[in-house]
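Coordinates in review
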Amino acid sequence: QSNETKIITLYFSFPLGFCTQLHLPQIPEHILAQTNNKTEIICDLKKVTKEHTGLYWYRWSQERQNFEFLVFYNQMGKVTYGTNIRQDKFSVHRTSSYTSYSLQISHLQASDNGTYYCSISESFQLLLGTGTQLVDVLPLPLKTTQAPLSKKPLRYITKSKPASKKG
């Protein structure tokens, strides 16, 4: 699917136009995480000057070629989750000054790979975050089965030198 098709698809998904001149900074840009761990993405709203109704989080899946609505956090603190989105997996928090929001993702799995975007609606425009790519969720290392180390003291055997003949 081309970028043009993605934009058209996204455009029809939202009744509002896009403002591509202003992107909401997201930290970090890339995440490398392990299975069953958790991670956090920050969306910075310091440059947003107008009132907004709340913050949306989306995930672009390269594998499935779609945008998925994850969660909306409104100004009153009410959270609305997307279809089939587990509430114990995604949580949103904001700073008291309303200048940044964080998306926390728990119980990471390979299916969480993708690019995550924050978004706000401001003056009939949709402002998108710069995106954070969850690059790869690595499986936990396999436990190796090793024989336990012996607690017995080791006996060192030294070779005796042949006795020199004195004569």
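Refer to the preceding data block for the structure.
In short, a report on the structure. Position numbers for residues start from 1 in each chain and track the written sequence from start to end. The predicted origin of the model limits local features to residues at a pLDDT of at least 70 and limits the giving and counting of side-chain atom pairs to 80 or more, whereas totals for whole chains, interfaces and linings rest on all residues. To get the side-chain values, all heavy atoms of the structure are used, and hydrogens and water are removed first.

Regarding the overall build of the protein
Helix and strand assignments come from DSSP, with helices taken as H or I runs of at least 4 residues and strands as E runs of at least 2, each series counted from the N terminus. Along the protein, the regular secondary structure elements total one helix and 12 strands. Taken from the N to the C terminus, the helices and strands of the protein come in the order α-β-β-β-β-β-β-β-β-β-β-β-β. Type-normalised accessible area, obtained with a 1.4 Å probe on protein chains alone, sets the label of each residue: buried when under 20%, exposed when over 50%, and partly exposed for intermediate values. A buried classification covers 35% of the 167 residues belonging to the protein. It only takes one pair of heavy atoms within 4.5 Å for two residues to be counted as in contact. If you take every contact in the protein between residues at least 6 apart in sequence, the share linking residues at least 24 apart comes to 56%. Working definition of accessibility: Shrake-Rupley area with a 1.4 Å probe, residue cover restricted to the visible protein chains. Carbon together with sulfur atoms contributes 55% to the accessible area of the protein, which is approximately 11900 Å² in total.

A closer look at the sheet that holds strand S8 (residues 90-94)
Strands pair in a sheet through their backbones, by hydrogen bonds, and they do so in one of two ways: parallel or antiparallel. At least two DSSP bridges between two strands are needed for those strands to be called paired. The sheet built from four strands is open, its strands ordered S2-S4-S9-S8 with antiparallel pairing. Looking at which strands have only one partner, the edges of the open sheet turn out to be strand S2 (26-27) and S8. Judged from the six bridges that link them, strand S4 (residues 39-44) and strand S9 (residues 100-105) form a sheet pairing that is antiparallel. Residue Glu40 lies in a different strand from S9, and its bridge partner there is Gln104.

Details of a nonpolar patch on the surface
For patch building, the residue pool is restricted to those with more than 30% relative accessible area and no salt bridge; the joining distance is 9 Å between like charges and 5 Å between nonpolar side chains (Val, Leu, Ile, Met, Phe, Trp, Tyr). By definition here, a salt bridge exists when the distance from a side-chain nitrogen of Lys or Arg to a carboxyl oxygen of Asp or Glu is within 4 Å. There is a patch of nonpolar side chains on the surface, built from Leu32, Val135 and Leu138 and spanning about 260 Å² of accessible area. Along the chain, Leu138 falls in strand S12 (residues 132-138).

Section: the packing of aromatic side chains
Pairing of aromatic rings covers Phe, Tyr and Trp, the last counted by its six-membered ring, and requires centre-to-centre distances within 6.5 Å; plane angles under 30 degrees mean stacked, over 60 mean edge-to-face, and any other angle means tilted. Throughout the structure, instances matching the rule amount to seven aromatic pairs. Ring centres 5.8 Å apart and planes at 55° place the aromatic pair Tyr58 and Phe69 in the tilted group. Highlighted residues: Tyr58 in strand S5 (residues 54-61) and Phe69 in strand S6 (residues 66-74), separated in sequence by 11 residues. Judged by relative accessible area, which is 28%, Phe69 ranks as partly exposed. Arranged with centres 5.8 Å apart and planes meeting at 50°, the rings of Phe67 and Tyr117 form a pair that is tilted. Taken together, the positions of Phe67 in strand S6 and Tyr117 in strand S10 (residues 114-122) put the pair 50 residues apart, joining distant regions of the chain.

Examining the state of the cysteines
Whenever a pair of cysteine sulfur atoms sits within 2.5 Å, that pair is classed as a disulfide. Taken as a whole and assessed by the stated rule, the structure comprises one disulfide. Each disulfide pairs two cysteine sulfurs, and for Cys43 the partner residue is Cys118, the sulfurs being separated by 2.0 Å. As the torsion about the S-S bond is roughly 65°, the Cys43-Cys118 disulfide counts as right-handed. Residue Cys43 is located in strand S4, and its partner Cys118 is located in strand S10; the two are separated by 75 residues in the primary sequence.

In short, geometric facts, not functional conclusions.
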